[in-house]
Each structure stands twice: as structure tokens, then as C-alpha cells.
Amino acid sequence: MENSGVQTVARAFEILGCFRDGDALGVSEVARRCGLAVSTTHRLMGSLVAAGFLDKDGSRYRVGGALTEFGQLAHRQYGAYRAEPHLELLATTVGANASIAIRQAGDAVLVATSRWREADGDRLQGIRLPVHASALGKALLVWGETTEDLIDLLPYEGGTDRSVTGPDELAAELDRTRRRGYAFNDEELDVGFRTIGLPVLRPDGTCRFALGLRGPVALMTPERVPMYVELARSTARDIADALA
């Protein structure tokens, strides 16, 4: 019975994971993505609706209001709201998108963004980014708590044909990042966009958060990148002070 309960919870979390892109989905599509029977999926999604984790509109489902509540709680607990004025100042100064992220397993998860994020519409780059293909992820790997096992076990899925494809390539990229002092995503997640990534350092030199500055290639030119790195580095120090 205990194993059955654990399996049910795991399946419910897997179903919720299908909604990370913000799309409205039907039962059949969710069942296909999760590899579950339609009847099982329908039953679990009904329970998630009853708990407020999903909303139902006709035959389509969306993220529910209960997750908004938990999201707001996490936002407060991380102290991310303290970073937002600094993100907004950096974004408006450069004319790009600024964000901070934490690492969860093989992803960098955005916890605060500037309002400039809205300029690219809903598709932008998502909330959860693969660490191997994102500047935020690379910064979190270099200056955060990373093991060789993690690098070996990453799925290396997502990104474009410019992103690294395996552990050896990623290790070399992380070494370049460490020596350079900042991470860089050169159209590795979204064609036409580049991102600078910097750690938000604790006093001991490690980081829980990373700062990203993302803009189109026409803005993030090689000639301008050094200037943007210095602006972002100054902002990262200000955010570190605000979060301390």
C-alpha cells in the first residue's frame, strides 16, 4: 500500500511537470507525455483539480491557483523580491532581460525577473532552463556545489545545435567560464539571443543564485559584452548585499 501511495504521488508530480511551459493541455496529451493510461491520468488530474493544483476549462487543463500560492511563498522565502529593483535597474540600463536563478538538479530555475522579460512575449525562454545550455546554469555549476557525477548524469537535452552535447564538452566550457570570470550562452538556448551569467556570491565565494542578462545578438555584440559584464557584476554584488 505504501509503495502504491508513493507511486501515485510521483505520477501526480510528473503530470504537473507537463504544465511547466504554461500551455493548456488535454488528458490524452498528458497521458501520452507521461506514458500513463488515459483513465489513470484522468483520475489523477481530477484529484489535482480538486486540490487546486490544476484548473479545468472544458476539456483543457491549466496550472491552478494553489500553485500560485506556493510560488508566492517560495518567492518570499528565497528573498527574491529584494533582488527585483536591482534587476529592473540593470534591465532598463541595458535594454535587456535580467533574472536570477537557483539550481534544481539539472536545471536553472528562474526565481525573479525584470519586467523587460515581457518584451519577448510568453515564449521567451521559460522558467526552467537546462544547466548545460544556459549561462545561468553554467554559472551555478562553476560557483555552486557541483560534482563530477552530476556533470556525467545530465541528460544534455534541450538547447540548439550550438549547445554542448556531453560531459567532456561541458567540463571544458566550465573551465573556460571559470577562467573568464563569467558564463556565456551564445545562441545555445534560443537562436538570436545571447546571455551573460554571473554568480551572486556569498562571503565564502560560493553561490546559491546566479544573475543572467539576456538580449538579442544585435544588442549583445562582442564589442559590448565586456561593458555589460561589468554592469552585471556590479548588480550581482548589489543583489548579494540585498540577500545577505
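Residues numbered from 1 in each chain as written. Predicted model: local features only at pLDDT ≥ 70, side-chain atom pairs only at ≥ 80, totals over all residues. Heavy atoms only, no water.

As recorded in an unreviewed UniProt entry, the protein goes by the name IclR family transcriptional regulator, listed as coming from Tsukamurella sputi.

J.: Any chance you could break down the confidence of the model for the protein for me, citing the residues and the numbers?
T.: Across the protein, the average pLDDT comes to 89, with 94% of residues at or above 70. The secondary structure element of the protein with the lowest average pLDDT is helix α4 (residues 65-78), at 75, and the one with the highest is strand β6 (residues 183-186), at 97. This stretch, residues 121-125, has a pLDDT under 50; its non-local contacts, to residues over four places away or in other chains, come to eight contacts. (pLDDT = per-residue confidence, 0-100. Helix = DSSP H or I, 4+ residues; strand = E, 2+ residues; numbered from the N terminus. Contact = heavy atoms within 4.5 Å.)

J.: Pulling in residues and values, what's your account of the pattern of salt bridges?
T.: The final tally for this structure, using the stated rule, is eleven salt bridges. Three or more residues are tied together by salt bridges with common partners; here these are K138, E173, R176, R180 and E188. (Salt bridge = Lys/Arg side-chain N within 4 Å of Asp/Glu carboxyl O.)

J.: Account for the nonpolar core, naming residues and giving values.
T.: In terms of nonpolar packing, the biggest core is built from 30 residues, with I100, I196 and L211 touching the most fellow members. Looking at this core, the elements that each hand over two or more residues are α5 (84-94), β3 (97-104), β4 (107-113), β7 (193-201), β8 (207-216) and α9 (225-243). Looking at which element gives the most residues to this core, the answer is α9, with seven residues. In this structure I100 touches A80, A83, L87, V109, L110, V111, A112, F209, A210, L211 and I239, once residues within four positions along its chain are discounted. Membership of the second largest hydrophobic core comes to 22 residues, among which are L110, V131, W143 and Y156. (Core = buried A, V, L, I, M, F, W, Y, C linked by side-chain atoms within 4.5 Å. Buried < 20%, exposed > 50% of the residue type's maximum accessible area, 1.4 Å probe, protein only.)

J.: Explain the pairing of β8 residue by residue, including any values.
T.: With eight of its ten residues buried, β8 lies for the most part within the structure. Relative to β8, β3 is paired through five bridges, and the arrangement is antiparallel. Across the sheet, A101 pairs through a bridge with A210, a residue of β8. By the bridge criterion, nine bridges tie β7 to β8 in an arrangement that is antiparallel. (Pairing = 2+ DSSP bridges.)

J.: Quick one: what's the story with the domain arrangement of the protein, residue by residue and with numbers?
T.: As assigned here, the protein comprises domain 1 (2-65) and domain 2 (79-243). With centres defined by C-alpha atoms, the gap from domain 1 to domain 2 works out at 31 Å. (Domains from an automatic or database assignment.)

J.: Pulling in residues and values, what's your account of unusual backbone geometry?
T.: Even without glycine at this site, A105 takes up a positive phi of about 55°. Locating A105 in the fold gives a position in the loop between β3 and β4. The phi angle at E187 is positive, at roughly 60°, despite the residue not being glycine. Secondary-structure assignment places E187 in the loop between β6 and β7. Assessed through its relative accessible area of 15%, E187 is described here as buried.

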